[in-house]
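Report on the structure
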Amino acid sequence: SQKIEQNSEALNIQEGKTATLTCNYTNYSPAYLQWYRQDPGRGPVFLLLIRENEKEKRKERLKVTFDTTLKQSLFHITASQPADSATYLCALEDQGGKLIFGQGTELSVKP
Amino acid sequence: GAVVSQHPSWVICKSGTSVKIECRSLDFQATTMFWYRQFPKQSLMLMATSNEGSKATYEQGVEKDKFLINHASLTLSTLTVTSAHPEDSSFYICSAKWGNEQYFGPGTRLTVT
């Protein structure tokens, strides 16, 4: 069956360090993968989309990689700040056009 | 651009009553909108796909008679939770597709007492 898995354990890092979050998937061949940020009690906010033919994509302090051989995407936040603390979700679109989410990884950046 | 709003942001209702939640795309037209439900500490679960001018497509296990979806225009979809019960208490989130990206509303917290 199709699965999207993210680190279920919360990630705690010190301010200024780079946070790296992992998203692995099985039994998918996605054309692209998306990352979202979700704060408590709020809807997800779109961050980045990376296509299957793109190895890496950057947006300000964010960097996403996409390895279709490993079936894995890595999401990096450089020079992390306490304001980056949130839950980060990866998502793939299935063949029916529906967005399927991983369970999310909670990031906590300590000052 | 690509802003999606939801109304209300929270609602408390009594068991047995119905509640309507609105989802609007404010600065773009969306032929397809999606409704999700999220329980605490869990990820978003897709409930249904709302198609403008046609019937919604429900995911397996979601009761179409309980969760009524209407997509009357290219900027508005509504979800009505009929005969609500305490187990329907959850965080309901809609989204609209713009190109390949999906944009989400801020969510509606439903509490059924």
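Scroll up to find the structure this text is about.
Below or above, wherever it landed, is the structure these notes cover. Here the structure is a predicted model, which means the values were calculated and not measured.

1. Digging into the overall build of chain A
Counting its regular elements, chain A contains zero helices and 11 strands. Put simply, chain A runs from its N terminus to its C terminus through helices and strands in the order β-β-β-β-β-β-β-β-β-β-β. Over its C-alpha trace chain A gives a radius of gyration of 13 Å, about what one expects of a compact globule, namely 13 Å for 111 residues. Along the longest, intermediate and shortest principal axes, the C-alpha atoms of chain A span 40 × 30 × 20 Å. For chain A, the residues scored as buried account for 46% of the 111 residues in total. For chain A, the proportion of contacts with a sequence separation of at least 24, taken over those separated by at least 6, is 53%. If you sum the accessible surface of chain A, you get close to 5,700 Å²; carbon and sulfur atoms cover 45% of it.

2. Examining the side chain of B:Q102
In this structure, B:Q102 sits in strand β10 (residues 101-104). Note on B:Q102: relative accessible area 1%, which makes it buried. A distance of 3.4 Å separates the side chain of B:Q102 from the side chain of B:Y36, its partner in a polar contact. Once residues lying within four places of it in the same chain are set aside, the contact partners of B:Q102 are A:Q34, A:Y36, A:F46, A:L99, B:F34, B:Y36, B:S95, B:A96 and B:K97.

3. A look at the sheet that holds strand β6 (residues 56-59) of chain A
Residues and elements named next belong to chain A. Spatial ordering of the open sheet is given by β1-β3-β8-β7-β6, a layout of five strands whose pairing is antiparallel. The sheet is open, and its two edges are formed by β1 (3-6) and β6, each paired on a single side. Geometrically, the sheet is characterised by an average inter-axis angle of 15 degrees between neighbouring strands, direction not taken into account. Inspection of the sheet shows β1 paired to strand β3 (residues 19-26) by four bridges, in the antiparallel sense. Bridged to I4 within β3 is Y25.

4. Concerning the interface of chain B and chain A
Each partner contributes to the interface: chain B provides 19 residues, whereas chain A provides 20 residues. Across the interface of chain B and chain A, roughly 1,500 Å² is buried in total on both sides, 51% from carbon and sulfur atoms. When the buried area of chain B at its contact with chain A is split by residue, B:S43, B:N100 and B:F104 rank highest and sum to 31% of it. Counting every contact that joins chain B to chain A gives three salt bridges. For A:E106, the salt bridge identified is with B:K41, shortest N-O distance 3.8 Å. There are six residue pairs in polar contact (both at pLDDT 80 or more) connecting chain B and chain A. Only β4 (32-38), β5 (45-51), β9 (90-98) and β10 of chain B provide two or more residues apiece to the side of chain B that touches chain A. Tallied by class, the residues present in the side of chain B that touches chain A amount to nine nonpolar, six polar and four charged.

5. Some details on the sheet that holds strand β8 (residues 76-81) of chain B
All names here are of chain B. Taken together, the four strands give an open sheet; going across it, the order is β1-β3-β8-β7, and neighbouring strands pair in antiparallel fashion. Each edge of the sheet is formed by a strand with only one pairing partner; in this case those strands are β1 (4-7) and β7 (67-73). Direction aside, neighbouring strands of the sheet carry axes that sit 15 degrees apart on average. For β1 and strand β3 (residues 19-25), the ladder comprises four bridges, and the chain directions are antiparallel. In the sheet register, Q6 faces β3, and the bridge partner there is C23.

6. Some thoughts on the layout of surface pockets
Estimated volume of the largest pocket: approximately 530 Å³. Lining the largest pocket are 25 residues, and of these A:T87, A:E106, B:Q38, B:K41 and B:Q42 sit closest to its centre. Those elements that provide at least two residues to the lining of the largest pocket are β9 (86-93) and β11 (105-110) of chain A. At four residues, the largest contribution of residues to the lining of the largest pocket is made by β11(A). Taken together, the residues of the lining of the largest pocket sort by class into eight nonpolar, 12 polar and five charged. Lining the second largest pocket are 14 residues; nearest its centre among them are A:G43, A:P44, A:V45, B:F104 and B:G105. Mapped onto the lining of the second largest pocket, the elements with two or more residues apiece are β5 (45-51) of chain A together with β10 of chain B. Per-class residue counts for the lining of the second largest pocket are nine nonpolar, three polar and two charged.

Cut-offs and rules
- Residues numbered from 1 in each chain as written.
- Chains lettered and ligands numbered in written order.
- Predicted model: local features only at pLDDT ≥ 70, side-chain atom pairs only at ≥ 80, totals over all residues.
- Heavy atoms only, no water.
- Helix = DSSP H or I, 4+ residues; strand = E, 2+ residues; numbered from the N terminus.
- Rg over C-alpha atoms; globule rule 2.2 N^0.38 Å.
- Buried < 20%, exposed > 50% of the residue type's maximum accessible area, 1.4 Å probe, protein only.
- Contact = heavy atoms within 4.5 Å.
- Areas by Shrake-Rupley, 256 points an atom, 1.4 Å probe, with all protein chains shown as cover.
- Polar contact = N/O pair within 3.5 Å; in protein donor to acceptor, adjacent residues only side chain to side chain.
- Pairing = 2+ DSSP bridges.
- Axes fitted to C-alpha atoms, helices over the stretch in contact; angles between N-to-C directions.
- Buried area = accessible area lost by both parts, 1.4 Å probe.
- Salt bridge = Lys/Arg side-chain N within 4 Å of Asp/Glu carboxyl O.
- Nonpolar A, V, L, I, M, F, W, Y, C, P; charged D, E, K, R; others polar.
- 1 Å grid on protein atoms, 1.4 Å probe; cavity = no way out; pocket = protein on both sides within 12 Å on 5 of 7 lines; lining within 4 Å.
- Points joined across faces, edges and corners; volume = space filled by probe spheres on them.

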